[in-house]
Amino acid sequence: MKITKIFVLFLLITVTLFSGCSKQKGYSIKICGFSDSIPEAKHAMEYKEWSNGAFFDSKIKKNIDVAIEGNIVKAEYVDSEKKFYDYYNTHRYKDPNGNYLEVTDDGKLCSYFFGGHTNTDKIYTEDECIDIACKFLNNIVSADDYIINSEFDTNRNLYMISFTKFADGFMCADRADFMVEPNGNIYSYSSAMLGEIPENAVTGFDINIIETQVISKLDKEYSEAKKIYDSVSYDNIEYILTLNEENEYALVCSVDVSCKKILGDYETVLSERIQLLIQ
């Protein structure tokens, strides 16, 4: 009996030690995107789910009816794609007017191009245009879960209205964007991971460990560049919270990399952006 208890205790201690060691190893960090502008950095795509492009899914409905702003829009299937940040496929359709819309696997409308309209002479205020976007979004998710930002693009004569969510200290991939004309018509709507990440999410990410690992990963990726350039800097490091295929939280880290070389009184700079998936 005593031997059994000692053996069980030994197993518990062993499991605890191995768990501790595993945790100390940190996170999995894979390259999921890069602009490939610095020739000395020979990147390889390590997470390829977001870089496969569009494909034809024979199992998807070829014709659908979608309720949009009180109207039933008939649309014909075009193609499918797993978009950046998403863990699911998005399916693209075209309506009779040649405008494109997209739905998720579960039929949620995630984008639609309405195009310009001139059917009203009334001019709406910015707040009224925001309310129009909120009303549209509320048919899909609650707009109250998002931080709203609005800017007026004078060149395009459109209000750019974004709905952004934050959770556990991170900006989320879960967001929506609208372009609204001053006459109150929605010009376009697009979203990513909409409604997928709860505001009370607890991710368990240790940002200090992550930052150390990210820098180490970047140092390896740009080791050859560091031999040639006078300086290699990592700027504008940004983390976006998303979900992976196993419905586990993941971070996408985006970094602007600048390689500088001094030639007398002149300085040449090569820059690129690299993105890392952290799990």
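Below is a summary of the structure that appears in this document. All of these numbers come straight from a predicted model, not from anything done at the bench.

1. Here we look at the nonpolar core
Grouped together as the largest cluster of nonpolar side chains are 40 residues, with contacts concentrated most on Val214 and Tyr222. Of all elements in the fold, only strand 1 (29–34), strand 9 (170–180), helix 3 (207–221), strand 11 (231–243), strand 12 (249–263) and strand 13 (266–278) reach the threshold of two or more residues within this core. Element by element, the count of residues in this core is highest for strand 12, at seven residues. Among residues more than four places away in sequence, those in contact with Val214 are Ile29, Tyr239, Cys253, Leu276 and Ile278.

2. Observations concerning the side chain of His91
For His91, the position within the fold is in strand 4 (residues 90–94). Among the residues examined, His91 registers a relative accessible area of 3% and is labelled buried. One polar contact links His91 to Asp105, side chain to side chain, over a distance of 2.6 Å. The contacts of His91, once residues within four sequence positions are left out, are Asp57, Ile60, Tyr77, Asp79, Ser80, Leu101, Glu102, Val103, Thr104 and Asp105.

3. A word on the pattern of salt bridges
Counting across every chain of the model gives eleven salt bridges. Close ionic contact of Lys217 with Glu46 constitutes a salt bridge, the shortest N to O distance being 3.0 Å. Remark: Glu46 occurs in the loop between strand 1 and strand 2 (63–68) and Lys217 occurs in helix 3; sequence separation between them is 171 residues. Two residues, Asp177 and Arg175, come together in a salt bridge whose shortest N-O distance is 2.8 Å. For Asp177, a relative accessible area of 25% gives the class partly exposed. Each of Glu49, Lys82 and Glu245 takes part in salt bridges that share partners, so that together they form one network.

4. Some remarks on helix 3
Between the first and last C-alpha of helix 3 there are 21 Å, a value that for 15 residues agrees with the 21 Å anticipated at 1.5 Å per step. Buried within helix 3 we find Ile210, Gln213, Val214, Lys217, Leu218 and Glu221. What you see down the axis of helix 3 is that its buried residues fit within an arc of 135°, all on one side. Opposite the buried face of helix 3, by more than 90 degrees, sit the exposed residues Asn208, Thr212 and Lys220. Where helix 3 is buried, its residues contact strand 1, helix 4 (223–228), strand 11, strand 12 and strand 13. Between the side-chain oxygen of the N-cap and the backbone nitrogen of Asn208 there are 3.0 Å, and the N-cap of helix 3 in question is Asp206.

5. What to know about unusual backbone geometry
In this model, Asp36 sits at a positive phi of 60°, which is unusual for a non-glycine residue. Note on placement: Asp36 falls in the loop between strand 1 and strand 2. A relative accessible area of 51% places Asp36 in the exposed class. Positioned with a positive phi, Tyr85 is a non-glycine residue whose angle comes to about 85°. The residue Tyr85 is located in the loop between strand 3 (71–81) and strand 4 in this model.

6. Thoughts on the side chain of Ser191
Position of Ser191 relative to the elements: it lies in strand 10 (residues 186–192). At a separation of 3.3 Å, a polar atom in the side chain of Ser191 contacts the side chain of Tyr189.

7. Concerning helix 2 (residues 126–138)
End to end, helix 2 covers 18 Å across 13 residues, agreeing with the expected 18 Å (1.5 Å per residue, within 8%). Taken residue by residue, helix 2 has Cys129, Ile130, Ala133, Cys134, Phe136 and Leu137 as its buried positions. Projected down its long axis, helix 2 shows its buried positions confined to an angular sector of 160°, all on one face. Away from the buried face of helix 2 by more than 90 degrees, exposed residues Asp127, Asp131 and Lys135 are located. Turning to helix 2, the residues buried within the fold contact strand 2, strand 6 (109–113), strand 7 (147–153), strand 8 (158–167), strand 9 and strand 10.

About the thresholds
Residues numbered from 1 in each chain as written. Predicted model: local features only at pLDDT ≥ 70, side-chain atom pairs only at ≥ 80, totals over all residues. Heavy atoms only, no water. Core = buried A, V, L, I, M, F, W, Y, C linked by side-chain atoms within 4.5 Å. Buried < 20%, exposed > 50% of the residue type's maximum accessible area, 1.4 Å probe, protein only. Helix = DSSP H or I, 4+ residues; strand = E, 2+ residues; numbered from the N terminus. Contact = heavy atoms within 4.5 Å. Polar contact = N/O pair within 3.5 Å; in protein donor to acceptor, adjacent residues only side chain to side chain. Salt bridge = Lys/Arg side-chain N within 4 Å of Asp/Glu carboxyl O. Expected span 1.5 Å × (residues − 1). Arc of directions from axis to C-beta.

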